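# Examination of the molecular architecture
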Number of protein chains: 2
Amino acid sequence: TQQLLSEPSPEAPRPRPCRVSTADRSVRKGIMAYSLEDLILKVQDTLMLADKPFLLVLEEDGTIVETEEYFQALAGDTVFMVLQKGQKWQPPSEQGTRYQL
Amino acid sequence: TQQLLSEPSPEAPRPRPCRVSTADRSVRKGIMAYSLEDLILKVQDTLMLADKPFLLVLEEDGTIVETEEYFQALAGDTVFMVLQKGQKWQPPSEQGTRYQL
């Protein structure tokens with residue numbers, strides 16, 4: 001008897017939910033991405049960065065995410081931050097303090 | 001009857017997510033590494049250290065990580081710090097204070 005398995009193959013790429021914040025934490029968007037490359041393209045589009053270069057870092061500590069491998073190892077719903085030229089990661093509390101002044 | 005086992009063998013090496021910081025904590029990168037040796041090679045590459053010698057220490061307290069065994073015992077997403085010749089581990093708070101001056 002022949003049997004068709006309906007389970008997805010482990011190789012089939014599945015999109016991952018990602019949250020992406022601007023450097024000043026004023027805007028945060030939810031984006032589904034199949035890969036780091038896909039996320040980068042969607043971030044350009046969604047945050048309207050045009051062709052300006054940017055880095056994707058972890059919002060929690062500014063770790064630069066630049067390899068597909070590392071991207072895949074991250075938990076779902078990881079919060080990323082976009083850093084454009086001249087922008088620098090800062091911890092949330094410092095920014096909080098700054099806003100209160 | 002022939003049976004194919006789809007479980008991964010326990011010996012199959014799996015890469016671990018690591019975060020690696022420069023000594024001044026200005027850059028932190030996410031790197032996947034199969035072993036301490038692999039991490040050292042990737043750090044050389046990613047942080048462009050060329051052939052300059054360096055130590056890998058724990059970012060939190062400067063503990064030198066030099067054996068594979070100890071590396072394997074660390075939790076995923078451990079933060080490492082690269083110390084090159086003349087560089088010395090410093091606690092985050094001191095650096096924080098320095099930046100505020």
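Residues numbered from 1 in each chain as written. Chains lettered and ligands numbered in written order. Predicted model: local features only at pLDDT ≥ 70, side-chain atom pairs only at ≥ 80, totals over all residues. Heavy atoms only, no water.

On to the packing of aromatic side chains. Remark: the centre distance and the inter-plane angle together describe each pair of aromatic rings, the angle taken between the planes. Scanning all chains against the criterion turns up two aromatic pairs over all chains. The aromatic ring of Phe71(A) is capped on one face by Arg16(A), whose charged end is 5.0 Å from the ring centroid. (Phe/Tyr/Trp six-rings, centres within 6.5 Å; stacked < 30°, edge-to-face > 60°. Lys NZ or Arg CZ within 6 Å of the ring centre and 35° of its normal.)

Our next topic: the interface of chain B and chain A. The partner chain A presents eleven residues to the 13 residues of chain B that form the contact. When the two sides are added together, the surface that chain B and chain A hide from each other amounts to roughly 970 Å², 49% of it contributed by carbon and sulfur. Taken together, the links from chain B to chain A amount to four salt bridges. Seen at the junction of chain B and chain A, the total is eight residue pairs in polar contact (both at pLDDT 80 or more). Secondary structure elements with two or more residues in the side of chain B that touches chain A: β1 (16-21), β2 (28-33) and α1 (36-46) of chain B. When the residues that make up the side of chain B that touches chain A are grouped by side-chain class, the tally is six nonpolar, two polar and five charged. (Contact = heavy atoms within 4.5 Å. Buried area = accessible area lost by both parts, 1.4 Å probe. Salt bridge = Lys/Arg side-chain N within 4 Å of Asp/Glu carboxyl O. Polar contact = N/O pair within 3.5 Å; in protein donor to acceptor, adjacent residues only side chain to side chain. Helix = DSSP H or I, 4+ residues; strand = E, 2+ residues; numbered from the N terminus. Nonpolar A, V, L, I, M, F, W, Y, C, P; charged D, E, K, R; others polar.)

Residue and element names in this part refer to chain B. Spatially, four strands are ordered β2-β1-β4-β3 in an open sheet, and the strand pairing comes out mixed. What marks the edges here is a single partner per strand, and that holds for β2 and β3 (54-58). Each strand of the sheet is rotated relative to its neighbour by a mean of 35 degrees, with strand direction disregarded. Where β1 meets strand β4 (residues 79-84), three bridges bridge the pair, whose relative direction is parallel. In the strand pairing of β4, Val20 is matched with Phe80. Packed on one face of the sheet, α1 meets β1, β2, β3 and β4 and runs near 140 degrees to β2. (Pairing = 2+ DSSP bridges. Axes fitted to C-alpha atoms, helices over the stretch in contact; angles between N-to-C directions.)

If the charged atoms of two oppositely charged side chains come close together, the side chains can form a pair. Summed over the entire model, instances satisfying the criterion amount to twelve salt bridges over all chains. A salt bridge links Asp38(A) to Lys42(A); its shortest N-O distance comes to 3.0 Å. One end of the pair is Asp38(A) and the other is Lys42(A), both in helix α1 (residues 36-46) and four residues apart, which spans about a single turn. Take Asp38(A): its relative accessible area is 16%, and that puts it in the buried class. Of the residues examined, Lys42(A) reaches a relative accessible area of 28% and is grouped as partly exposed. Taking the shortest distance from any N to any O, the salt bridge between Arg19(B) and Asp61(A) comes out at 2.7 Å. Of this pair, Arg19(B) sits in strand β1 while Asp61(A) sits in the loop between β3 (54-58) and α2 (68-73), on two different chains. According to the relative accessible area criterion, Arg19(B) is buried, its value standing at 6%. Several salt bridges share partner residues, and in doing so they unite Glu60(A), Asp61(A), Arg19(B), Arg25(B), Arg28(B), Glu59(B) and Asp77(B) into one network. (Buried < 20%, exposed > 50% of the residue type's maximum accessible area, 1.4 Å probe, protein only.)

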